[in-house]
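Structural overview for review
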Amino acid sequence: MPVAGTHADEETIRLACRLAKRDKGKVWAVSVVAIKRALPLDAEIQSEIKKAEEILDKVEAIAEEEDSEVETDVLQAREVGPAIVDEAVERGVGLILMGISYKQRFGQFSLGNVVPYVLKNSPCPVILYQQSSVGK
Amino acid sequence: MPDSLPLRPGDRVFRPHRVKRFHLKRVLGIPGLFSTAYGDVGSSIYYALGVVAMSALGLTPPVLMVSGIIFLFTALTYAEGATMLPEAGGSGAFAFRAFNPWVSFVASWALMLDYIVTMSISAFTAISYLGYYVPVLKDWPMNSFGGIVVVVFLVFINIRGVQTSSRLNIALVFIDVITQVSIAVLGVMLIINLPQLIQNIHWGVAPTPNQLLFGISISMVAYTGIETVANLGSEARRPEKSIPWAVMLVFFVVITLWTLLSMTALSAYPVYQNADGQWVTDLTQRFLNDPILGIVNVMPLNIRPVLSFFVVFLAVTILIAATNAGMLGASRLAYFMGQRQQLPGVISNISARARVPANAIIFFSIIAGALITTGQITLLADLYAFGAVLAYTAAHASIIALRIKEPDLPRPFKIPWNIRIRGKQIPVTSVIGGLATFITWFIVVYTHEIGRVVGFAWLALGLLIYIFYRNSRKKPADEWEIKLGKK
């Protein structure tokens, strides 16, 4: 499951842990740091890496509360969507679970760029989870 | 220590840094690498043909082929270096590992000049092509003003962080190749005239030996963007296979097209002696800043409007993309130099808000803008040649030195055709390429007066900044190095 530090993450992680426990699966959470082309891909932007680490710390803490284990990773990539799909293919994951928060663009509800890309190109089933209380 | 256990006096909690989590996502395959590299290299024909033909005259096609061989050897060197040391610094990164920070600085600073000139020459030429539809943009100072507007626009885009589409880039390069191939095929069918091409050559007179040397050295500008290979090393999937394939593909496409296009141009615009007794061609007299439009101008009337539209549209988009590539290259190189204490933090630091080295982008774009104001494409080509061959020589020398110093360093791609000297494998192409680029640099220094003056001034300015910066730091990193060995 890709995590971005939004309000939706917490519930999504709990759901992922419960699903994994039921099917004896494994949860793998990834935070993707997007690096602009003005920098080399291996550039270490401390503020971004720190942010990603904090997000994953939170993920681990929630998983611990759920009595589950979660594997976490930070990825640096040029674009978030292709990085998620590519990693899912490489790892052969069975399900992508993404938490989304309510966002508007030009006054309309918007899923952004990443979610549609993953939905279109994912090699496996995708579950989108949106918190009911957020943004309403 | 788990948080659930109560801490006792003297206990300390240690949370190790999770380095293992840090992964890079490499996604570029051969098509992606080809399109990015060709997007840079392929753009140069839009200005290089006129600049080279101005001095090489009837020998332009063979001159472009000779420099194409140098390009191939240099590209192979970059391919080995980029897969071995996948860092953004290109020749500067190779020299840092092979020699010392000073050589690395000179190589990086020369490369920085190339990136700046790439920005200037591409933005300036893009506007010159646009002048086909907006004639006011054809002449100075409006073409310079337009070029500066392009640079300012790209600075804004890069600092604001608008995403560029890689799919759009691939599509543009694809249409560009198709258009260039179409012009070349039409040229072969309708225009290329071998007797005329032979008549264009007046041995020892047009070009004179000096002009020929000048032409060979300035023809390096036809291969702008070769450093892209080094930049992409860290983003290539299976670099040991994809990078050499992409390099060879770019080489064959480029050398075929450049040769055919130059033959077409010189068949259509023969070399002649003007009223002042000088040997010239109308390609450079009338189309110096937009030579491909010169070729289109001699095509049959019924296809001319369509071809002109495609050439102008593609030249403008590809050249703006090349300007952007130069800006991104300068930005990445500034980051690399900042990481190695070669550039003050005030220039190289990453802006917290923009998450790119915003000051570097602005600083080097101002210099690029200043160069555009001259409105002299030959000056820009001179400067490019000065920086490029210096950086290429450093790259070749570094690859050879690393084969000697660190023969066991993992090399995902190793240049073939090696000779064994004292048990070390030395790549023949790097030796020939290194000698060729070094000799070319001497020719540039000897024959290009403006290039020599401005080029050396650039190096001197850089070295002054570097020396001042090193001295201003109380304890440079290398002073902390613990020397191990016998006393």
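Here is what the cut-offs are and how they apply
- Residue numbers here run from 1 along each chain, matching the order of that chain's written sequence.
- Chains and ligands are labelled sequentially in the order written, the chains with letters from A and the ligands with numbers from 1.
- Reporting of local features is limited, given that this is a predicted model, to residues whose pLDDT is at least 70; pairs of side-chain atoms are given and counted only at 80 or more, and all residues count toward the totals for whole chains, interfaces and linings.
- To get the side-chain values, all heavy atoms of the structure are used, and hydrogens and water are removed first.
- Throughout this description, the term salt bridge denotes a Lys or Arg side-chain nitrogen within 4 Å of a carboxyl oxygen of Asp or Glu.
- Working definition: helices are DSSP H or I runs of at least four residues, strands are E runs of at least two. Numbering for both runs from the N terminus.
- Accessibility here uses a 1.4 Å probe with only protein chains present; expressed as a share of the type maximum, an area under 20% marks a residue as buried, one over 50% as exposed, and anything in between as partly exposed.
- Definition of nonpolar core: a set of buried residues of the types Ala, Val, Leu, Ile, Met, Phe, Trp, Tyr and Cys, connected through side-chain atoms within 4.5 Å.
- Any two residues having at least one pair of non-hydrogen atoms within 4.5 Å are treated as being in contact.
- Note on geometry: axes are C-alpha line fits, over the in-contact stretch for helices, and angles between N-to-C directions span 0 to 180 degrees.
- Should the near helix be turned anticlockwise from the far one by less than a right angle, the crossing is left-handed, and should it be turned clockwise, the crossing is right-handed.
- Residue classes follow a fixed rule: Ala, Val, Leu, Ile, Met, Phe, Trp, Tyr, Cys and Pro count as nonpolar, while Asp, Glu, Lys and Arg count as charged, and any other residue, Gly among them, counts as polar.

1. Considering the pattern of salt bridges
Residue and element names in this part refer to chain A. As enumerated under the stated definition, the model contains 13 salt bridges over all chains in all. A salt bridge links Glu66 to Arg18; the nearest nitrogen and oxygen atoms lie 3.1 Å apart. Taken together, the residues span a long stretch of sequence, with Glu66 in the loop between α2 (46-65) and β2 (70-77) and Arg18 in helix α1 (residues 9-22) at a distance of 48 residues. Note that Lys26 and Glu71 form a salt bridge whose closest N and O atoms lie 3.3 Å from each other. Note that Lys26 is positioned in the loop between α1 and β1 (27-34) and Glu71 in strand β2, a separation of 45 residues in sequence. Residue classification places Lys26 among the exposed positions, given a relative accessible area of 68%. Each of the salt bridges in this network shares a partner with another, and the network as a whole consists of Glu10, Arg14, Arg18, Glu65 and Glu66.

2. Things to note about unusual backbone geometry
Between Trp140 of chain B and Pro141 of chain B the backbone carries a cis peptide bond, its omega angle lying at 10°. One can find Pro141 of chain B in the loop between α5 (101-130) and α6 (142-160). The residue after Ala206 of chain B, namely Pro207 of chain B, is reached through a cis peptide bond having omega 5°. Turning to its location among the elements, Pro207 of chain B is positioned in the loop between α8 (194-199) and α9 (209-218). Backbone geometry places Lys24 of chain A, a non-glycine residue, at a positive phi of 55°. Mapping Lys24 of chain A onto the fold places it in the loop between α1 and β1.

3. Quick word on the nonpolar core
Counting 138 residues, the largest nonpolar core has Met112, Ile292 and Phe364 of chain B as its most contacted members. Setting aside anything within four residues of it in sequence, one finds Ile292 of chain B in contact with Ile45, Tyr46, Leu49, Tyr129, Ile183, Leu261 and Val311 of chain B. Ile13, Ile35, Ile45 and Val70 of chain A belong to the second largest nonpolar core, which has 24 residues in total.

4. Points about the packing of helix α3 (residues 80-91) of chain A against helix α4 (residues 114-121) of chain A
Residues and elements named next belong to chain A. At a minimum axis separation of 8 Å, α3 and α4 run at an interaxial angle of 35°. Where α3 crosses over α4, the handedness of that crossing is right-handed. In this structure, α3 contributes Val80, Gly81, Pro82, Ile84 and Val85 to the contact, and α4 contributes Val114, Tyr117, Val118 and Asn121. Looking at the contact of α3 with α4, its residues break down into seven nonpolar, two polar and no charged.

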